[in-house]
Amino acid sequence: MANQAASGEALPAPGGAQRLALKLNLRRAERRRKLRAYALIAPLFLFLGAFFLVPLGSVLYFSVANPEVVELLPRVSAALRGWDGQALPDEAAFAALAEDARVGYDDKTLPKVALRLNYEVGGFRSLLMRTGRGAERYRAPYKQALLERDERWGELIYWRTLKGNTSAFTLHYLLQAVDLDLQWDNSIRLAPPDQRLYIENLLRTLWIALVVTLACILLGYPVAFLIATAEPRWAQLLILLVLLPFWTSLLVRTAAWVIVLQKGGIVNHTLMAVGLIDEPLALIFNRTGVYIAMVHILLPFMILPLYSVMKGIPPEHTRAAASLGARPWAAFLTVYLPQTMPGLAAGCLLVYVIALGFYVTPALIGGGSDQMLAYLIAEFATNTANWGLAGALAVLLLACIAVLYPIYQRFAGAGGMRLG
Amino acid sequence: MLLKQGWALVALATAVAGVTIAGGVQARDFTIASWGGGYQDSQRKHFFKPFADAKGIRVLEDTYLGGWAQFKAMQETNNRPWDVVQVETSELIRGCEEGLFLKLDWSRIGPKDDFIAPAVADCGLGVVVVSQLVAWNPKLTKAEPKALADFFDLQKIPGKRGLRSDPKGTLEFALMADGVDVKDVYKVMSTKEGLDRAFAKLDTIKPQIQWWEAGAQPPEWLISGDVVMSTAYNGRIANANKEGHGLKMMWTNNVLYVDKWVIFADSANVDLGYEFLKFFADPKREAAFTEDYTYGQPHKDAVKYIKPAVLEALPAGEHIADALDTGGSESVEFWLDHSDEIFERWTAWKAR
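Residues numbered from 1 in each chain as written. Chains lettered and ligands numbered in written order. Predicted model: local features only at pLDDT ≥ 70, side-chain atom pairs only at ≥ 80, totals over all residues.

The secondary structure content of chain A amounts to 20 helices and 2 strands. Against the globule reference of 22 Å for 420 residues, chain A gives a C-alpha radius of gyration of 32 Å, more extended than a compact globule. With respect to the principal axes defined by its C-alpha atoms, chain A has extents near 100 × 95 × 40 Å. Out of the 420 residues in chain A, the part that is buried amounts to 35%. Partitioning the contacts of chain A with sequence separation of at least 6, the portion at a separation of at least 24 is 67%. (Helix = DSSP H or I, 4+ residues; strand = E, 2+ residues; numbered from the N terminus. Rg over C-alpha atoms; globule rule 2.2 N^0.38 Å. Buried ≥ 20, exposed ≤ 12 C-beta atoms within 10 Å, placed from the backbone. Contact = placed C-beta atoms within 7 Å.)

Tallying secondary structure elements over chain B gives 14 helices and 9 strands in all. Relative to the 2.2 N^0.38 estimate, which gives 20 Å for 352 residues, the radius of gyration of chain B is 23 Å and therefore close to what a compact globule would have. Along the first, second and third principal axes, the C-alpha atoms of chain B reach 80 × 50 × 40 Å. The long-range share in chain B, meaning contacts at least 24 apart out of those at least 6 apart in sequence, stands at 71%.

We now examine the confidence of the model for chain A. All names here are of chain A. Mean pLDDT for chain A: 91, with 95% of residues reaching 70 or above. The least confident element of chain A is helix α1 (residues 2-6), whose mean pLDDT is 45; the most confident is helix α10 (residues 172-176), at 97. The model gives residues 1-9 a pLDDT under 50, and that stretch makes 1 contact with residues more than four places away or in other chains. (pLDDT = per-residue confidence, 0-100.)

With that out of the way, let us pick up the environment of Thr191 of chain B. Along the chain, Thr191 of chain B falls in the loop between α7 (185-189) and α8 (192-203). Residues Thr191 of chain B and Glu213 of chain B lie 22 residues apart in sequence; the distance between their C-alpha atoms is 28 Å.

Residue and element names in this part refer to chain A. Leu298, Val351, Ala355 and Leu393 are the most contacted members of the largest nonpolar core, which has 153 residues in total. Take this core: its biggest share by element is 16 residues, from helix α15 (residues 287-311). Core analysis: the next-biggest nonpolar cluster, separate from the first, contains 30 residues, Val69, Leu80, Ala101 and Ala135 among them. (Core = buried A, V, L, I, M, F, W, Y, C linked by C-beta atoms within 7 Å.)

This part covers the confidence of the model for chain B. Residue and element names in this part refer to chain B. Per-residue pLDDT for chain B has a mean of 91; in total, 92% of the residues score no lower than 70. Helix α1 (residues 2-26) is the least confidently modelled element of chain B, averaging 42 in pLDDT, while strand β3 (residues 84-87) averages 98, the highest of any element. Considering only residues more than four positions removed or in separate chains, one finds that residues 1-26, a stretch of pLDDT under 50, has 2 contacts. On the interface metric, ipTM, the complex scores 0.84, and its pTM is 0.86.

To continue, consider helix α11 (residues 270-280) of chain B. Of all the residues in α11 of chain B, the buried ones are Leu272, Gly273, Phe276, Leu277 and Phe280 of chain B. All buried residues of α11 of chain B project into a common sector of 140° when viewed along the axis, lining one side. (Arc of directions from axis to C-beta.)

Turning our attention to the interface of chain B and chain A. When the parts of a complex come together, some accessible area is lost, and that lost area is often taken as the interface size. With 28 residues of chain B in contact, the opposing surface of chain A contributes 30 residues. Contributions of two or more residues to the side of chain B that touches chain A are made by α3 (69-77), α4 (89-97), β6 (209-212) and α14 (329-351) of chain B. Element by element, the count of residues in the side of chain B that touches chain A is highest for α14 of chain B, at 12 residues. Grouping the constituent residues of the side of chain B that touches chain A by class yields 8 nonpolar, 7 polar and 13 charged. (Nonpolar A, V, L, I, M, F, W, Y, C, P; charged D, E, K, R; others polar.)

Residue and element names in this part refer to chain B. Neither face of strand β5 (residues 161-164) is exposed, since Arg161 and Leu163 on one face and Gly162 and Arg164 on the opposite face are all buried. Relative to β6, β5 is paired through 4 bridges, and the arrangement is parallel. Note on β6: the bridge partner recorded for Gly162 is Gln210. Relative to strand β7 (residues 229-233), β5 runs parallel, the two sharing 2 bridges. Pairing of Gly162 across the sheet is with Ser230, part of β7. (Pairing = 2+ DSSP bridges.)

With that out of the way, let us pick up the packing of helix α11 (residues 198-229) of chain A against helix α17 (residues 328-356) of chain A. In a pair of packed helices, the angle between the axes and the distance between the axes together describe the arrangement. Residues and elements named next belong to chain A. Their axes nearest at 9 Å, the elements α11 and α17 cross at an angle of 140°. Crossing of α11 against α17: the hand is right-handed. Every residue of α17 that contacts α11 at Thr205, Ile208, Ala209, Val212, Thr213, Cys216, Ile217 and Gly220 is listed here: Gly347, Cys348, Val351, Tyr352, Ala355 and Leu356. Counted by class, the contact of α11 with α17 contains 10 nonpolar, 4 polar and no charged residues. (Axes fitted to C-alpha atoms, helices over the stretch in contact; angles between N-to-C directions. Left-handed = near helix turned anticlockwise from the far one by under 90°.)

What follows is the structure in structure tokens.
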């Protein structure tokens with residue numbers, strides 16, 4: 001434009017219409033360029049949407065969805081809406097139940113809602129299925145007919161549990177995931193003592209990940225420093241050694257640790273042959289083994305970000321500090337360490353977050369008290385297909401990670417990697 | 001221009017893929033899913049391949065990972081990628097009740113009386129009889145376990161013991177060890193006191209328990225010396241002994257798991273499904289399979305064709321006279337009703 005204006009004197013000035021056409025052309029070109037840019041990143045967006053947002057969204061959805069009673073026992077749901085829960089419901093509710101059970105048994109949807117109700121009261125499944133099996137024979141008065149079929153219908157707990165599930169969404173699973181029990185009247189109570197396990201499991205998961213991260217710092221920092229300051233030839237070899245474990249799968253490495261650590265394994269064998277111990281050490285099927293294997297698997301995730309940051313720190317800085325009179329420790333703490341913070345923070349975040357989701361290693365190397373949250377999620381997601389509870393536990397884990405991110409940002413500072 | 005061509009290509013690819021997938025559903029070959037690995041290799045050798053050859057068809061295979069998740073996905077997407085699958089009891093009952101699996105017409109397979117009782121179900125025909133029993137390494141134990149109670153006797157047989165990390169079967173095992181008759185196990189366990197009793201029995205050896213997840217672990221641990229005895233699947237122990245490890249098995253009150261073949265109710269190949277079940281229910285074929293995998297066979301006559309040496313390690317005849325069948329109606333009803341709460345109690349107890 002500036003060029004045109006400068007040479008404007010020699011050329012006839014463009015008329016208003018021409019200028020408009022030019023503008024339009026430019027805008028069109030611009031739009032085309034943008035569209036093309038969008039098209040180029042469209043696959044990425046589609047990928048993110050399909051493989052990240054949709055699963056995440058469905059996990060969130062499953063953790064609160066409660067469609068079973070509303071959809072599969074519609075008449076009972078309606079009949080219990082006005083019920084106060086203090087005495088047995090009236091004849092209409094019993095009649096509604098008899099009809100719902102009959103329909104549900106015929107179209108084979110009853111088992112689904114029966115299993116759902118059984119999550120809250122053990123035995124509800126067989127009660128409902130039994131009721132469904134006999135449903136053809138019930139005649140008015142239905143209250144009497146159902147009580148004859150199974151006297152448990154005379155107990156308030158079953159009716160209250162039904163009423164507690166007459167809305168399409170529930171906090172039941174999310175509360176269960178933190179050892180709380182949602183009551184039929186929406187009050188919240190602590191779960192029975194012998195069924196409290198989720199908080200303890202979560203704390204254990206956070207603790208194991210923390211210990212593994214700290215161990216990775218202690219072991220990884222010197223190694224990263226060594227690689228960053230070594231001669232290129234050696235540095236390459238060391239990097240190769242760090243990366244080597246990545247070439248085998250996690251499962252194989254875990255299985256290898258079983259062989260190394262077991263009672264008649266290499267470590268115990270060697271120690272006993274040398275005469276350092278008389279009895280084999282318990283290195284496996286306990287926490288020690290879990291720590292050893294997890295640190296080994298996660299160490300590269302600490303070393304690599306540290307190394308990449310350390311490589312960019314000129315050695316002159318520490319030398320300058322030394323020449324100004326700082327002792328080695330002071331020079332390290334005040335000059336070197338702060339500069340490695342972004343790498344350290346990135347390494348910690350990577351190791352911690354990956355450690356939180358560990359499943360196979362504790363399952364194969366740990367004992368009964370070393371299982372992490374992923375073990376429970378896998379059990380509910382794949383085995384019993386209780387996707388509500390699996391989703392709630394996953395949300396819990398996600399929330400823990402979400403809390404970590406701001407902390408990481410603080411330490412990583414401007415030089416750290418940003419996720420958004 | 002390039003972009004336009006690109007989009008056209010994408011559209012074309014999508015269309016082609018769509019047609020292929022749609023076509024695939026209609027013309028999908030008969031598909032059987034089983035547990036994979038060496039086990040399925042043996043099934044292929046003895047059943048799938050001979051069946052395909054006999055019928056002149058192609059039999060496709062897939063792997064079932066256990067649990068309900070794969071079936072739930074099938075229900076929700078209304079997709080039936082398999083025609084026949086081998087399932088465990090809890091999935092069998094659930095799929096049968098929800099109408100996912102076909103109620104079998106036994107006249108198309110054979111008389112029910114031809115099969116051992118635990119192999120016959122409304123929706124399923126037994127595939128193999130797997131026994132979970134006490135196994136030990138005689139090199140490591142001072143005394144031989146003679147009854148389940150000995151498994152819990154730390155004086156008589158000191159050392160670590162392996163137990164399956166699953167309340168199903170293990171709680172029953174503890175009650176039988178505590179003196180409950182095999183017939184009364186579920187009656188006792190249905191009461192609060194009975195369940196407490198099972199946990200209390202396990203408490204007596206808890207520090208010495210090493211939990212196993214996979215069937216391959218007990219023989220490994222027995223051989224490596226990590227445990228002196230363990231509950232284990234009989235076939236795994238028999239296989240280890242084929243390599244000369246000399247492990248021993250005790251059959252008293254062993255716990256039976258009978259996997260079943262089921263046919264999907266909405267399968268397009270129901271007829272082939274029945275034909276496969278009939279083909280499978282052949283005592284000679286089943287007997288041949290035990291040479292590879294030492295598991296019991298559903299057909300009563302199979303034992304006639306099995307070598308005595310193999311029979312010794314097989315859950316059949318005398319060996320299962322006082323066994324507990326986890327596929328029986330009492331067991332099924334109990335676990336369907338109580339597995340959620342017991343799983344939580346079990347997991348919390350184990351971690352304590």
